[in-house]
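Fold and contact review
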Amino acid sequence: MTPVTRQEVLGLYRKIFRIAKKWQSASGQMEETHKEKEYIKNEAKTLFRKNKNVTDPKLIKQCIEECEARIEIGLHYNIPYPRPIHLPPMGLAHKQSRTLRHQEKLRKISKPIYLKSHDEVS
C-alpha cells in the first residue's frame, strides 16, 4: 500500500468514527441513536480489519469506493444500514444449465458496490 493510499484509508476510518460520534437517528430516540452509533462503529471495525491485509491496488480502490458510497448513502438517507435492493429473481432453471449461470451472472452484476462487503460480513 502506498503512503497516499494509506493516508486515504486512515482518513476514511477517522471520518467514519467522527460521523458515528455525531450521529442522530431519524426517529430521534436516544436508544435508537445509540444502537445506530454502535452499528456504525462495529461495521467499520469489522470491515477494516477484514481488509487490512489487502495488497492488490484495484481491490483497495474498490474498497475505498465502497466505503465512500456507504458513507454518502448513509448521510443522505440518515440510515446507517445498507439500503435493500431488488435483484433479478432466480428462475426455475436446472442446476447445470446455461440459464442458471446467466441468472447468477446477472445477480452478481446488478449488486450495487455498497453491498458487496455487507453480504460477506453478515
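Quick look at the structure, then. Predicted model, so just to flag it, every value in this text is computed and none were measured.

A closer look at the overall build of the protein chain
- Along the backbone of the protein chain there are five helices and zero strands.
- Along its sequence from the N terminus, the protein chain presents helices and strands in the succession α-α-α-α-α.
- Here the protein chain, with 122 residues, has 28% of them falling under the buried criterion.
- Of the contacts formed within the protein chain by residues at least 6 apart in sequence, a portion of 67% connects residues at least 24 apart.
- Approximately 9200 Å² of the protein chain is accessible, and the part contributed by carbon and sulfur atoms is 56%.

Re the pattern of salt bridges
- Across all of its chains, the model carries two salt bridges by this definition.
- Its salt-bridge partner being Glu-43, residue Arg-70 comes within 3.1 Å of it at the nearest N-O pair. With Arg-70 in helix 3 (residues 57-77) and Glu-43 in helix 2 (residues 30-50), this residue pair connects regions lying 27 residues apart in the sequence.
- A relative accessible area of 11% places Glu-43 in the buried class.
- The partner of Glu-65 in a salt bridge is Lys-61, and the shortest N-O contact between them spans 2.9 Å.

A few points about helix 1 (residues 3-22)
- Here helix 1 contains 20 residues, and its C-alpha end-to-end distance of 29 Å stays within 8% of the 28 Å for a straight helix at 1.5 Å per residue.
- Turning to helix 1, its buried residues are Thr-5, Val-9, Leu-12, Ile-16, Ile-19 and Ala-20. The buried residues of helix 1 occupy an angular sector of 100° when the element is viewed end-on, so they sit on one face. What points out from helix 1, more than 90 degrees from its buried face, is the exposed set Pro-3, Val-4, Arg-6, Gln-7, Lys-21 and Lys-22.
- Residues of helix 1 that are buried make contact with helix 2 and helix 3.

Thoughts on unusual backbone geometry
- Phi angles above zero are rare outside glycine, and Asn-78 is one such case at about 55°.
- With respect to the helices and strands, the residue Asn-78 is situated in the loop between helix 3 and helix 4 (98-110).

Focus on a nonpolar patch on the surface
- Among the surface-exposed residues, Tyr-77, Ile-79 and Tyr-81 lie close enough to one another that they form a single nonpolar patch of about 260 Å² accessible area.
- Along the polypeptide, Tyr-77 turns up in helix 3.

Comments concerning the environment of Val-9
- Among the structural elements, Val-9 can be located in helix 1.
- Under the relative-accessibility criterion, Val-9 is labelled buried at 18%.
- Sequence-wise, Val-9 and Cys-63 are 54 residues apart; in three dimensions their C-alpha atoms are separated by 9.3 Å.
- In contact with Val-9, other than residues within four places in its own chain, are Phe-48 and Ile-64.

Quick look at the packing of aromatic side chains
- In this structure the tally under the stated criterion is three aromatic pairs.
- With centroids separated by 4.8 Å and ring planes inclined at 70°, the aromatic side chains of Tyr-13 and Phe-48 adopt a geometry described as edge-to-face. Residue Tyr-13 is located in helix 1, and its partner Phe-48 is located in helix 2; the two are separated by 35 residues in the primary sequence.
- Owing to a relative accessible area of 27%, Tyr-13 belongs among the partly exposed residues under this scheme.
- Between Tyr-39 and Tyr-81, the aromatic rings sit 4.6 Å apart at their centres with planes inclined by 55°, giving tilted as the arrangement. Of this pair, Tyr-39 sits in helix 2 while Tyr-81 sits in the loop between helix 3 and helix 4, and the two are 42 residues apart along the sequence.
- One aromatic cluster is present, formed by Tyr-13, Phe-17 and Phe-48 through successive ring pairs.

Reading the values: the criteria
- Residues numbered from 1 in each chain as written.
- Predicted model: local features only at pLDDT ≥ 70, side-chain atom pairs only at ≥ 80, totals over all residues.
- Heavy atoms only, no water.
- Helix = DSSP H or I, 4+ residues; strand = E, 2+ residues; numbered from the N terminus.
- Buried < 20%, exposed > 50% of the residue type's maximum accessible area, 1.4 Å probe, protein only.
- Contact = heavy atoms within 4.5 Å.
- Areas by Shrake-Rupley, 256 points an atom, 1.4 Å probe, with all protein chains shown as cover.
- Salt bridge = Lys/Arg side-chain N within 4 Å of Asp/Glu carboxyl O.
- Expected span 1.5 Å × (residues − 1).
- Arc of directions from axis to C-beta.
- Patch = residues over 30% accessible without salt bridge, like charges linked within 9 Å, V, L, I, M, F, W, Y side chains within 5 Å.
- Phe/Tyr/Trp six-rings, centres within 6.5 Å; stacked < 30°, edge-to-face > 60°.

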